[in-house]
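Structural features, examined
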Amino acid sequence: MIPTSPVTTRPATAGDLPEVHRMLIALAARHGMPATITPRVLARIALEGRAARLLVALRADSPQRHPVGFVLLILGRNMVAGADWGVVEELYVQEPDRGRGIGRALLAAARAAAADAGCEGLTISTRPETDGAALVWRALGPDREPRFAAE
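Residues numbered from 1 in each chain as written. Predicted model: local features only at pLDDT ≥ 70, side-chain atom pairs only at ≥ 80, totals over all residues. Heavy atoms only, no water.

**Some thoughts on the packing of aromatic side chains**
We apply this condition: Only rings of Phe, Tyr and Trp enter the pairing, Trp through its six-membered ring, and a pair is recorded when the two centres are within 6.5 Å. The plane angle decides the type: under 30 degrees is stacked, over 60 is edge-to-face, the rest tilted. Helical segments are the DSSP runs of H or I of at least four residues, strand segments are the runs of E of at least two, and each set is numbered from the N terminus. Exposed residues in this analysis have more than 50% of their type's maximum accessible area, buried residues have under 20%, and partly exposed residues fall in between, with area computed by a 1.4 Å probe over protein chains only.
All told, the structure shown has one aromatic pair when counted by the stated rule. On the numbers, 6.3 Å between centres and 35° between planes, the contact of Phe70 with Tyr92 is tilted. Here Phe70 is found in strand E3 (residues 69–78), whereas its partner Tyr92 is found in strand E4 (residues 83–93), with 22 residues between them in sequence. Relative accessible area serves as the criterion here: at 1%, Phe70 is assigned to the buried category. A residue is classified by how much of its surface remains accessible, and Tyr92, at 9% relative accessible area, is buried.

In structure tokens, the structure reads:
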């Protein structure tokens, strides 16, 4: 296990988007899919949209000043629960920075952002076959039961 690193999470800025776009391309490649999102569409979703929150993680002990991970939180209404709800649509941490608690910090930031937006709950959308999904769930603790969204 790699030791945890001090990590800062915050809402993404325009300066973060080139690195987030690069990570989205890497995420799509991991799933064997083409990345079709353009930087312009990413900016519209991340910076102008009311229903999305793009949060980034930076390592405080890294000389790199760009994000090392991101989480995309979508806000909406859960018709089953009858309440405002958040959905973690994408979560990604770059390969050399995995296993340092960055994904856990991003999920905590997403939970806080959802609560700040008035959401009563949070669902994490993931694919069961994703390498890191089981690790993320394990990191959340034994009281969390994974739920996988259908494609």
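Right, picking up where we left off after that structure.
**Some thoughts on helix H1 (residues 17–30)**
Keep this limit in mind: Expected helix span is computed as 1.5 Å times (number of residues minus one). Any two residues whose heavy atoms approach within 4.5 Å at even a single point are treated as in contact.
The terminal C-alpha atoms of H1 lie 20 Å apart, and with 14 residues this matches the ideal 20 Å at 1.5 Å per residue to within 8%. Buried residues of H1: Leu17, Glu19, Val20, His21, Met23, Leu24, Leu27 and Ala28, and no others. Considering only its buried residues, H1 is in contact with helix H2 (39–48), strand E2 (52–59), E3 and E4.

**Considerations on the pairing of E3**
Put simply, the test is: In short, DSSP must find at least two bridges between two strands for them to pair.
Here E2 pairs with E3 via six bridges, running antiparallel. Each residue of the ladder has a partner; that of Ala52, found in E3, is Ile74. Summarising the sheet, E3 and E4 pair through 10 bridges and their orientation is antiparallel. Counted as the bridge partner of Leu75 is Gly86 from E4.

**Details of the pattern of salt bridges**
To keep things clear, this is the line we draw: A side-chain nitrogen of Lys or Arg and a carboxyl oxygen of Asp or Glu constitute a salt bridge if their distance falls within 4 Å.
Summed over the entire model, instances satisfying the criterion amount to seven salt bridges. Here Arg59 and Asp97 are joined by a salt bridge, their closest N and O atoms 2.6 Å apart. In this pair, Arg59 is assigned in strand E2 and Asp97 in the loop between E4 and helix H3 (102–116), connecting sequence segments 38 residues apart. Each member of the pair Arg59 and Asp97 is classed as buried. Its salt-bridge partner being Asp84, residue Arg77 comes within 3.2 Å of it at the nearest N-O pair. Bridged by salt links that share partners, the residues Arg30, Glu95 and Arg98 form one connected network.

**A look at H2**
Heads up, the rule is: Along the arc lie the directions from the helix axis toward the C-beta atoms.
Within the sequence span of H2, burial applies to Leu42, Ala43 and Ala46. Along H2, the residues classed as buried sweep out an arc of 100° about the axis, all on the same side. Relative to its buried face, H2 has exposed residues pointing more than 90 degrees away, namely Arg40 and Glu48. Elements in contact with the buried residues of H2: H1 and E2.

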